[in-house]
Amino acid sequence: MKIAGCAIAILLFAALPGFSQKPAFPPYKPARMADGHPDLNGIWQAFVTANWDLQDHEASPGPHPEIMGAYGAGPAGQSIIEGGEIPYKPEALAKKKQNFEQRMMADVSVDKKFHALGDPEMKCYMPGVPRATYMPFPFRIVQGSSPYILIAYEFASAVRNIRMDYKVEAPTNAWMGWSRGRWEGDTLVVDVTGIREETWFDRAGDYHSDALHVVERYTPVSPYHLMYEATIEDPKVFTRPWKISFPLYRRMEQNVQLLEFKCVPFTEDLLYGRFSKQAAK
Amino acid sequence: MKRQLLVSFGILAAVSMAPLAGQAQKKVAAKTSAPKNVPYARTPWGDPDLQGVWNDATSTPLQRPNAVGAKDVLSDDEAAEFQDQLKNNLSRDRRDGGAEADVNRAYNEHWMDSRRLKITSDHRTSLIVDPPDGRIPPLVPLSPERQKAAALRAAANTRFNAGLPESYRDFTLPVRCIIRTDSPPYLPIIYNNDFQIFQSPGFVVINPEMIHSARIIPIDKPGEKHPHLGKNLRQWLGDSRGHWDGDTLVVETTNFRPDDGVVFMGADPETYRITERFTRVDATSLNYEFTIEDPHTWTRPWTARIPWSKIDPAEQMYEYACHEDNYDMGHFLIGARERERKGEAK
């Protein structure tokens, strides 16, 4: 029975293109905190290009090559999704395409349509989960001896408090969601709900609804790497749950620290410039 | 004006009050070391344990009100009266300013942190403990450049208060959601006076509820120093370094950006120094003390002490998404353009 079960599992995984791309790390016993759990402290960063597009994408010129040249261009990248593609419902795929077309638009003049247009990243809004993990910016995990683990992200100074073994459901929706953690062996498993529906997954317009449920897994695989996996579930938008995975790299530069990327001032002309006295003349 | 009430950030203005009766004095002995051999006192890696969610709300003003004279600490009876008067000044349920004022105050009352209406338990008359008069020291003469900058800021504030901001640049940093009370020194305001402290070996991290920024403080040890950022790398919240002085966390912050409103009271970021001290007092309290000096701004350094209380773990800190839902910016600016269109602008 056991052997047969294994064989079926291998066949199932072998059918998924993403599986063979998983980096193989030799068995690893991580350094531990006083409570016996792995020590995840440090500055980490992803080096995938999923923030441009979770799926396979070619290099692209960006929206304004006439003024930005190669500065505004995006890198090519391979999909980080198990199976390669996001299983959208047909009607949801149309919305994704519309998001992409309107990604550079912003209009905050009417309250009810405040969040209707544009990639939240362009407006310097907190990126949500899992996008915060694969933004091209580092983040720091702060793990101590309290039942809370903080993740501080450089982008927009976003933060997440992971409440360990915490029972209370999300009291309200938040841009960075409501994160509750638990240990499964050496893996930190974080259950994320209560994510504001306005967050996106990438600049390609990939999105979700208010029913988003993300389960993340952080597993130390070497002193310098965490394997990151996230299972993404949203029955209003996708036909089935889907999974992304990639390694996180420890930032090793001497004296490296999280710096500020407080991008609000970079967005004020875009968001509010048209309401200025100068513009009204 | 409604606008001013809605954005009532900053220091509490000196309150007017009747002279207080009685002469009883209670000297405040600030405890400076954490108790030993109690479970909360140490992290597993041996540092004093500051982890938890803390609240710094109090009605005790930063500066001693003139009306209390030289008295630094009040008797129980005096303290009760002091607290009542401060509460009356801070509370919006006063019914003494007409219907429009009542409605505006009622709106603001909704946000009031109830802890904000109590004076410190040690019955001090000011948060400032040095100079002994409990007041911010006199200013030194400002350079012509800084006088000009102050005048520009004042003009922008006047336009804002008149409901006629010209652009987002006329708004202060808190209204623009760039920094709020997440920047030191931490002073109590109307709401969201919560701070969660996280620690890991070699780090203390302070996460103020408003805005969400995490202030990551590397801890220096003998033989393990973390040099400050280079002088051309300046930040809105500066660059903080800590060390343990006995059981007190001492934090020094430099590398502040030069923008107006980044450092306290328009001081000169080049010469401004802030040193903060966090000392755990008992299971539910710590002392937060800060010393500010800037020879280009004040005649001498000054120090304030604010008690922080641990809040019930069930009372969670929530996300403060300021910029993400900053409807006010558009409202103020669109309103200003509408006033101009109607010819209401002078």
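Note that the coordinates shown come from a computational prediction; the quantities given were computed from them, not determined experimentally. (Residues numbered from 1 in each chain as written. Chains lettered and ligands numbered in written order. Predicted model: local features only at pLDDT ≥ 70, side-chain atom pairs only at ≥ 80, totals over all residues.)

**Quick notes on the overall build of chain A**
Okay, so step 1: Helices and strands together make up the secondary structure of chain A, namely 7 helices and 9 strands.
Okay, so step 2: Radius of gyration (C-alpha) of chain A: 20 Å, near the 19 Å computed for a compact globule of 281 residues.
Okay, so step 3: A principal-axis box enclosing the C-alpha atoms of chain A has dimensions of 75 × 40 × 40 Å.
Okay, so step 4: Considering only intrachain contacts with a sequence separation of at least 6, the fraction spanning at least 24 residues in chain A is 57%. (Helix = DSSP H or I, 4+ residues; strand = E, 2+ residues; numbered from the N terminus. Rg over C-alpha atoms; globule rule 2.2 N^0.38 Å. Contact = placed C-beta atoms within 7 Å.)

**Brief notes about the nonpolar core**
Okay, so step 1: Core analysis: the biggest nonpolar cluster contains 99 residues, and Leu-150 and Ala-152 of chain A together with Val-205 of chain B have the highest contact counts within it.
Okay, so step 2: In terms of residues, this core owes the most to one element, strand 3 (residues 148-153) of chain A, which gives 6 residues.
Okay, so step 3: When neighbours within four sequence positions are excluded, Ala-152 of chain A is seen to be in contact with Phe-139, Arg-140, Val-142, Val-159 and Leu-258 of chain A together with Val-205, Ala-214 and Ile-216 of chain B.
Okay, so step 4: Leu-271 and Phe-275 of chain A together with Phe-171 and Val-175 of chain B belong to the second largest nonpolar core, which has 14 residues in total. (Core = buried A, V, L, I, M, F, W, Y, C linked by C-beta atoms within 7 Å. Buried ≥ 20, exposed ≤ 12 C-beta atoms within 10 Å, placed from the backbone.)

**Here's the deal with the pairing of strand 4 (residues 159-164) of chain A**
A regular strand places its side chains on the two faces of the sheet in alternate fashion.
All names here are of chain A.
Okay, so step 1: Note that strand 3 and strand 4 share 5 bridges and pair antiparallel. By the bridge assignment, Tyr-148 is partnered in strand 4 with Arg-163.
Okay, so step 2: Looking at chain direction, strand 4 and strand 5 (residues 178-184) are connected through 3 bridges and run parallel. Residue pairing in the sheet places Met-164 in a bridge with Gly-181 of strand 5. (Pairing = 2+ DSSP bridges.)

**Focus: the pairing of strand 1 (residues 52-55) of chain B**
Residues and elements named next belong to chain B.
Okay, so step 1: The side-chain alternation of strand 1 yields two buried faces, one formed by Gly-52 and Trp-54 and the other by Val-53 and Asn-55.
Okay, so step 2: One ladder, built from 4 bridges, connects strand 1 with strand 3 (residues 194-200); its direction is antiparallel. Paired with Gly-52 across the bridge in strand 3 is Ile-197.
Okay, so step 3: Examined bridge by bridge, strand 1 and strand 10 (residues 302-310) share 2 bridges and lie antiparallel to one another. Within strand 10, the residue paired with Asn-55 across the bridge is Ser-309.

**Comments concerning the confidence of the model for chain B**
All names here are of chain B.
Okay, so step 1: Taken residue by residue, chain B gives an average pLDDT of 87. The fraction at 70 or more is 88%.
Okay, so step 2: Element-level pLDDT for chain B is lowest in helix 1 (residues 2-6), with a mean of 35, against a maximum mean of 98 in strand 5 (residues 215-220).
Okay, so step 3: Segment residues 1-32: pLDDT under 50, and 55 contacts once partners within four positions in sequence are set aside and those in other chains are kept. (pLDDT = per-residue confidence, 0-100.)

**Things to note about the sheet that holds strand 9 (residues 242-250) of chain A**
Okay, so step 1: Taking strand neighbours around the barrel as the criterion, the 9 strands line up as 1-2-3-4-5-6-7-8-9 (chain A) in a closed arrangement whose pairing is mixed. Across the sheet, the mean angle separating the axes of adjacent strands is 30° when strand polarity is ignored. (Axes fitted to C-alpha atoms, helices over the stretch in contact; angles between N-to-C directions.)

**What about the interface of chain A and chain B?**
Okay, so step 1: Facing the 39 residues of chain A at the interface are 37 residues of chain B.
Okay, so step 2: Of all the elements in the fold, those that place two or more residues in the side of chain A that touches chain B are strand 2 (139-143), strand 3, strand 4, helix 6 (264-272) and helix 7 (277-280) of chain A.
Okay, so step 3: Among the residues forming the side of chain A that touches chain B, the class breakdown is 21 nonpolar, 12 polar and 6 charged. (Nonpolar A, V, L, I, M, F, W, Y, C, P; charged D, E, K, R; others polar.)

**Concerning the environment of Ser-285 of chain B**
All names here are of chain B.
Okay, so step 1: Its place among the elements puts Ser-285 in strand 9 (residues 285-293).
Okay, so step 2: Through-space distance from the C-alpha of Ser-285 to that of Gln-196 is 13 Å; in sequence the pair is 89 residues apart.
Okay, so step 3: Once residues within four sequence positions are removed from consideration, Ser-285 is found in contact with Pro-307, Trp-308, Ser-309 and Lys-310.

**A short note on helix 5 (residues 327-341) of chain B**
Okay, so step 1: With 15 residues, helix 5 of chain B should cover 21 Å at 1.5 Å per step; its first-to-last C-alpha distance of 21 Å lies within 8% of that length.
Okay, so step 2: Those residues of helix 5 of chain B that fall on the buried side of the exposure criterion are Met-329, Gly-330, Phe-332, Leu-333 and Ala-336 of chain B. Angular distribution of buried residues about the axis of helix 5 of chain B spans 165°; they occupy a single face of the element. Away from its buried face, by an angle of more than 90 degrees, helix 5 of chain B presents the exposed residues Tyr-327, Glu-338 and Arg-341 of chain B.
Okay, so step 3: On its buried face, helix 5 of chain B sits against helix 6 of chain A.
Okay, so step 4: A positive backbone phi angle near 80° is found at Gly-343 of chain B, which sits one or two residues after helix 5 of chain B. (Expected span 1.5 Å × (residues − 1). Arc of directions from axis to C-beta.)

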